[in-house]
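Chain residues, written in single-letter form:
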Amino acid sequence: DAMVIQNPRYQVTQFGKPVTLSCSQTLNHNVMYWYQQKSSQAPKLLFHYYDKDFNNEADTPDNFQSRRPNTSFCFLDIRSPGLGDAAMYLCATSRDHDKQYFGPGTRLTVT
Amino acid sequence: GESVGLHLPTLSVQEGDNSIINCAYSNSASDYFIWYKQESGKGPQFIIDIRSNMDKRQGQRVTVLLNKTVKHLSLQIAATQPGDSAVYFCAERMAGNNRKLIWGLGTSLAVNP
């Protein structure tokens, strides 16, 4: 009965090689978020979709892109990963910016 | 045990004791507050939330207190158990068009058996 699912749980990519992380939800929530979290820090919001409307945070690098083909799925694309992009990537969902439900995260390693 | 959750300190308590984790929030216009628990290698897990028209809310073994006068939020955990060991984050949500969460720095809770 998982509600927010992230795949894969662990991803290893090479420096500069594009990578896509995926998130799906069974909650039928209209808002989906992508966060980046580095060790011992709070999650940092990259962007979110409110329905089909994409909302980028001002300090999110252009290297990070997102797609939401339907209500249930959202993807995070990192076009040219650098060593500094190694982190935990968290997907979350909510109904109208109410309580956010998080997935288990994808741990990205860049070699 | 009690701690201020601004610099990721570690709060160490004995099993069975009550824990108090504190959080100072930044914006008097925030209308919603939430506590998350995050275990190592996992995503944040919702614990309890409170809206700005309330000053106290209770859950199972947890209580959140909101003091809007001094912009302070606290999480009380009764009879702390080893399974409560985790990092705890508070977050506030601003009223208005920008509804994103503003996160505190986190407090690490260690429960000694």
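In this text the structure is predicted, and so the values were computed from the model without any measurement. (Residues numbered from 1 in each chain as written. Chains lettered and ligands numbered in written order. Predicted model: local features only at pLDDT ≥ 70, side-chain atom pairs only at ≥ 80, totals over all residues. Heavy atoms only, no water.)

K.L.:
Help me out: how do you make sense of the pairing of strand 5 (residues 44-50) of chain A in this one?
P.N.:
Within a regular beta strand, the side chains point alternately toward one face of the sheet and then the other, so they alternate between its two faces. All names here are of chain A. Within strand 5, 5 of the 7 residues are buried, which leaves it mostly tucked inside the rest of the structure. As judged from the 6 bridges shared by strand 4 (residues 31-37) and strand 5, these two strands associate in the antiparallel manner. Each bridged residue has a counterpart across the sheet, and for Tyr 35 the counterpart in strand 5 is Leu 45. Where strand 4 folds back on strand 5, the antiparallel hairpin that results is connected by 6 residues, among which Ser 40 adopts a positive phi of roughly 65 degrees. Hairpin remark: strand 5 followed by strand 6 (residues 53-56), antiparallel, with 2 residues in the connecting loop; positive phi at Asp 51, about 55 degrees. (Buried < 20%, exposed > 50% of the residue type's maximum accessible area, 1.4 Å probe, protein only. Helix = DSSP H or I, 4+ residues; strand = E, 2+ residues; numbered from the N terminus. Pairing = 2+ DSSP bridges.)

K.L.:
Just to check I follow, could you spell out the state of the cysteines for this structure?
P.N.:
Two cysteines, two sulfur atoms, one covalent bond between them: this is a disulfide. Residue and element names in this part refer to chain A. Under the counting rule described, the total for this entry stands at 2 disulfides over all chains. Residue pairing for Cys 23: its cysteine sulfur links by disulfide to Cys 91, the two sulfurs lying 1.9 Å apart. Handedness here is read from the sign of the S-S torsion; for Cys 23 and Cys 91, about -70 degrees, the answer is left-handed. With Cys 23 in strand 3 (residues 19-25) and Cys 91 in strand 9 (residues 87-94), this pair connects stretches of sequence that are 68 residues apart. Comparing Cys 23 with Cys 91, the two get one shared label, buried. (Disulfide = S-S within 2.5 Å.)

K.L.:
Which parts of the structure should I look at to understand the pattern of salt bridges?
P.N.:
Any two side chains of opposite charge can pair, on the condition that their charged atoms come close. Residue and element names in this part refer to chain B. Going through the model one piece at a time under the given rule, you end up with 8 salt bridges over all chains. Arg 99 is paired through a salt bridge with Asp 31; the nearest N and O atoms lie 3.1 Å apart. Taken together, the residues Arg 99 in the loop between strand 9 (86-94) and strand 10 (101-103) and Asp 31 in strand 4 (residues 30-38) connect sequence positions 68 residues apart. Exposure remark for Arg 99: the relative accessible area of 21% places this residue in the partly exposed category. The residue Asp 49 makes a salt bridge to Arg 57 at a minimum N-O spacing of 2.4 Å. The partly exposed category is assigned to Arg 57, whose relative accessible area is 35%. One salt-bridge network, in which partners are shared between bridges, spans Asp 31, Arg 93 and Arg 99. (Salt bridge = Lys/Arg side-chain N within 4 Å of Asp/Glu carboxyl O.)

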